[in-house]
Structure formats: structure tokens, C-alpha cells
Amino acid sequence: MLIEAGSFRMGTEDPDRNRGDGESPVRAVDVPAFRIDAACVTGAEFAAFVDETGYVTEAEEFGWSFVFGALVEKELRRASRKPPGTPWWRAVEGARWDQPEGPGSTVAERGDHPVVHVSLRDAEAFAVWCGMRLPREAEWEKAARGGLDQARYAWGEELTPGGEHRCNIWQGGFPVRNTLEDGYLGTAPVRSFPPNGFGLYEVAGNVWEWCSDRWRTGQADSLTGDVRVMRGGSYLCHDSYCNRYRVAARSSTAAEDASGNKGFRLAVDA
């Protein structure tokens, strides 16, 4: 999708903004024209890349990746360690892009879902193969706003206008009960919800999306010291602890992080 050159107001002063994340102040940012994918890269698209190049992801090299526990088969869940502080995750041996919940799972029937378990290096390798790149953070937010100025969400001010769900996030009491009102426990196929004003799908919820920018507000743990911006929130976001499906919200993750709620879309200079 072509995003025309011009200025937009980035950031927010919402009372419930995450103050430690650098969401504020609101500032005018000039962005040159660029193009950005309407949807996240899918499992089927990533499979075509792997088939042609033989690429091996970082999760495959590590031999494991984090998976949301409720998605993991019971015996495997019991055998997988829980990270301290986030007991809803499991470190699952063999979890990777084509086995999203570990051995026995497959993307074969989910080729239209966003690819997950991809690190920054993995996403950049795919981008090079396509002749594209990851979006810069200002590009991502301008595109995600869809032409709306300072709206709370990519579609307006209400989370569920007219009772309609516009994104794949957690409903109910996190992390013990998901009412599945939006229809999904894990990822949803791309283009499951209405696009924003620029024709972009799922810029809120579903999967976190890599941006190319380095994170400069505090630090997340990283084996390499390389911490990057991610945007959009995921299917695990809930207002009780992570309201980062708001269009101005931002977060960070280590460049080697390849968990089951992170994906990406690509951009290119216009």
C-alpha cells in the first residue's frame, strides 16, 4: 500500500499510556513516501522462502522457542519449563516457524496465518529475499493510523464499535480464561478483521510486528545487547496488563527473540 509523503502527529498523551515506553510527547514527524504490506507475512510465504533458500531460523538453531501454554498439548506443556514472572509461556523444545506449538503441530493448515517464531535476523533475511525491508517505527505508526489524527485505535476511539471486534486480543480474565469473543485463542488468519483507512489489516493485536528501529527507552534482556522496537500488540494483549493494541503503543524485544506471538510485515521506499 502506498503511503504518501507528509507529516503526521506521532505518539499520544492518553491518560493510560505506558509512560515508561516513550509513547509521549505527541510530536509532528515528516515521513517520506513509502509502501508497506497490507498484511503480515504468512506461514505459506515464509515456507516459499525457506524452500528456495534453505534458510534456518534462529529458533531452529536454539532448538526451542516460547509458546503460549494454552496452545500446547498437555503432556508437552507439563514437560516444558515456565519462565519466571510469565507463567503463561512455555519454553517448548522443537517449537519453530513450521511447528508453532512444537513437535506434532504444523502450519500446513494455517498457511494464511502470520508466520511466528521469527527473530529480527529471520525477518531481515526474508526482507532481503523480497527486495524489501522492515518498516521504520514512524512509518509503521503513520500507516497504522490509516489517516486518522490521534485516534486511540487504528479505526477510531472505541475498541468494539457497535459491538464489533476489530482485532484479535484477549477477552476475559488474563491468563486463565479467554471467552474467545473475537473467535481466536491464538493467531487469526491475516485479513480476518476490517482494514484501516490505508488498507492495512491487523495493525492491532494478532502478532507483534518487528520494526527496524533500536529501542532507546530502557532496555530488555538480550544475549547480544541488540533490542528493537515492536508494534501493534498480539493475541495475548489485555487491558489488565498490556493495552498495547492502541495505535500509539510501543514495546521492545531482544533481536534474537522468536516467540509465538511475534511476526512482521515489510516496507519499501516508494
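Residues numbered from 1 in each chain as written. Predicted model: local features only at pLDDT ≥ 70, side-chain atom pairs only at ≥ 80, totals over all residues. Heavy atoms only, no water.

Asks: Explain the side chain of R152 to me, please; I cannot follow it from the model alone.
Replies: One can find R152 in the loop between helix 5 (137–145) and strand 7 (172–173). At 3.1 Å, the side chain of R152 forms a polar contact with the side chain of Y153. Those residues within four positions of R152 in sequence are excluded, and the remaining contacts are D14, D16, E157, R246 and V247. (Helix = DSSP H or I, 4+ residues; strand = E, 2+ residues; numbered from the N terminus. Polar contact = N/O pair within 3.5 Å; in protein donor to acceptor, adjacent residues only side chain to side chain. Contact = heavy atoms within 4.5 Å.)

Asks: How should I be thinking about the sheet that holds strand 1 (residues 2–3) in this particular structure?
Replies: Neighbouring strands of a sheet are bound in pairs by backbone hydrogen bonds; such pairs are parallel or else antiparallel. The three strands are arranged 1-4-13 in an open sheet whose pairing can be described as antiparallel. Whereas interior strands pair on both sides, the edge strands pair on one side only; in this sheet they are strand 1 and strand 13 (267–269). Inspection of the sheet shows strand 1 paired to strand 4 (residues 34–36) by two bridges, in the antiparallel sense. Considered in strand 4, the bridge of L2 is made with R35. In the packing of helix 5 onto the sheet, the strands contacted are strand 1, strand 4 and strand 13, and the crossing angle to strand 4 comes to about 70°. (Pairing = 2+ DSSP bridges. Axes fitted to C-alpha atoms, helices over the stretch in contact; angles between N-to-C directions.)

Asks: Help me understand the side chain of N196 in this model?
Replies: Residue position: N196 is located in the loop between strand 8 (177–178) and strand 9 (208–214). Within the structure, N196 has its side chain in polar contact with the backbone oxygen of A144 (distance 2.9 Å). Each residue touching N196, except ones within four places of it in the same chain, is listed here: A143, A144, R145, G146, A154 and V203.

Asks: Explain helix 5 here, please?
Replies: Because the α-helix completes a turn every 3.6 residues, residues three or four places apart line up on one side. Burial analysis of helix 5 places nine of its nine residues in the buried class, the great majority of the element. When we look at burial in helix 5, the residues that qualify are E137, A138, E139, W140, E141, K142, A143, A144 and R145. Directly beyond the C-terminal end of helix 5, a positive phi value near 60° is found at G146. (Buried < 20%, exposed > 50% of the residue type's maximum accessible area, 1.4 Å probe, protein only.)

Asks: I'm lost on the packing of helix 1 (residues 43–53) against helix 4 (residues 120–130) in this one. Help?
Replies: Relative placement of two packed helices is described by the angle separating their axes and the distance separating the axes. Contact geometry of helix 1 with helix 4 gives a least axis separation of 11 Å together with a crossing angle of 75°. By the angle class used here, helix 1 and helix 4 are roughly perpendicular. Residues E45, F46, A48, F49, E52 and T53 of helix 1 form the contact with helix 4, whose own contacting residues are D122, A125, F126 and W129. Classifying every residue of the contact of helix 1 with helix 4 gives six nonpolar, one polar and three charged. (Parallel < 35°, antiparallel > 145°, perpendicular 65-115°, else oblique. Nonpolar A, V, L, I, M, F, W, Y, C, P; charged D, E, K, R; others polar.)

Asks: Can you help me understand the pairing of strand 11 (residues 250–254) in this one?
Replies: Looking along a regular strand, one sees the side chains alternate between the two faces of the sheet. In terms of burial, strand 11 is largely enclosed, as five of its five residues are buried. By the alternation rule, side chains of strand 11 split into R250, S252 and A254 and S251 and T253, which are all buried. Where strand 10 (residues 227–231) lies against strand 11, five bridges are found, and the strand directions are antiparallel. For M230, the partnering residue across the bridge sits in strand 11 and is S251.

Asks: Just checking my understanding: could you explain the packing of aromatic side chains for this structure?
Replies: Aromatic rings in a pair are described by how distant their centres are and how their planes are angled relative to each other. For the structure on display, the rule yields 18 aromatic pairs. Ring plane angle 65° and centroid distance 5.3 Å describe the contact between F46 and F49, whose orientation is recorded as edge-to-face. Note that F46 and F49 are positioned in helix 1 at a spacing of three residues, about one turn of the helix. Since its relative accessible area comes to 2%, F49 is described here as buried. A network of ring pairs unites the aromatic residues F46, F49, Y55, W97, F126, W129 and F264 as a single cluster. Looking at R81, its charged tip hangs above the ring of W64, at a distance of 4.8 Å from the centre. (Phe/Tyr/Trp six-rings, centres within 6.5 Å; stacked < 30°, edge-to-face > 60°. Lys NZ or Arg CZ within 6 Å of the ring centre and 35° of its normal.)

Asks: Just checking my understanding: could you explain the sheet that holds strand 10 for this structure?
Replies: Pairing in this open sheet of four strands is mixed, and the strands run 11-10-9-12 from one edge to the other. Sheet topology places strand 11 and strand 12 (262–263) at the edges, where each strand pairs with a single neighbour. The sheet contact formed by strand 9 and strand 10 spans three bridges and is antiparallel. Residue pairing in the sheet places W210 in a bridge with M230 of strand 10.

Asks: Help me understand the environment of L159 in this model?
Replies: Relative to the assigned elements, L159 resides in the loop between helix 5 and strand 7. With a relative accessible area of 27%, L159 lands in the partly exposed category. Between the C-alpha atom of L159 and that of A267, which follows or precedes it by 108 residues, the distance is 27 Å. What L159 contacts, discounting residues up to four positions off in sequence, is Y153, E164, R166, C167, I169 and Y245.

Asks: Would you explain the pattern of salt bridges in this entry?
Replies: Side chains bearing opposite charge may pair, as long as their charged atoms lie close to each other. Summed over all chains, the structure comprises 24 salt bridges. For R133, the salt bridge is made with D269, and the minimal N-O distance between the two is 2.7 Å. Highlighted residues: R133 in the loop between helix 4 and helix 5 and D269 in strand 13, separated in sequence by 136 residues. Among the residues examined, R133 registers a relative accessible area of 17% and is labelled buried. Salt bridges sharing common partners tie together E137, E141, R145, R231 and R250. (Salt bridge = Lys/Arg side-chain N within 4 Å of Asp/Glu carboxyl O.)

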